[in-house]
Amino acid sequence: MLASLDDDKAEDVVQIDLRGRSDMADYMVICSGRSSRQVAAISEKLMDRLKQQFGRLSKVEGKETGDWVLIDTGDVIVHVFRPEVREFYQLEKMWLPGGTQGLSSGMSQD
């Protein structure tokens, strides 16, 4: 999953371990695209790869506008933002102690 985001030039990728902190998912991944078009493309390609490689169908919200796309794979929730929208909502601050951190280990790079 992270490799797919990297391949599609997602920026500022942050992975948050939610195990033991939330029942909604095990991990949350937050990243940015430079434009609405790139946000939509990153999201679409990620959903296609998840379906092809892992047989996973993902629930998606927000793909039409391309400002903030949420992809729910079951155990991982991915948020793809335009930078301005990401800055406004600041999800990292809600889930990470001390604010934004870089990519953390623990989730497979697939």
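Residues numbered from 1 in each chain as written. Predicted model: local features only at pLDDT ≥ 70, side-chain atom pairs only at ≥ 80, totals over all residues. Heavy atoms only, no water.

Looking at an unreviewed UniProt entry, the chain carries the name Ribosomal silencing factor RsfS, with the source organism given as Cereibacter changlensis. The UniProt entry for the chain carries this comment under Sequence similarities (unreviewed entry): "Belongs to the Iojap/RsfS family." (UniProt positions renumbered as here; feature names shortened; annotations may be inferred.)

Trainee: How should I be thinking about the environment of M24 in this particular structure?
Mentor: In this structure, M24 sits in the loop between β1 (11–17) and β2 (27–32). Relative accessible area serves as the criterion here: at 39%, M24 is assigned to the partly exposed category. (Helix = DSSP H or I, 4+ residues; strand = E, 2+ residues; numbered from the N terminus. Buried < 20%, exposed > 50% of the residue type's maximum accessible area, 1.4 Å probe, protein only.)

Trainee: I keep staring at the sheet that holds β2 and nothing clicks. Help me out?
Mentor: Hydrogen bonds between backbone groups are what pair the strands of a sheet, and the pairing can be parallel or antiparallel. Strand order in the open sheet formed by five strands is β1-β2-β5-β4-β3, with mixed pairing between adjacent strands. Every interior strand has two partners, whereas the edge strands, β1 and β3 (59–61), have only one. Adjacent strand axes in the sheet meet at a mean angle of 15° when their direction is disregarded. The sheet contact formed by β3 and strand β4 (residues 68–72) spans three bridges and is antiparallel. Bridge assignment links K59 to a residue of β4, and that residue is D72. (Pairing = 2+ DSSP bridges. Axes fitted to C-alpha atoms, helices over the stretch in contact; angles between N-to-C directions.)

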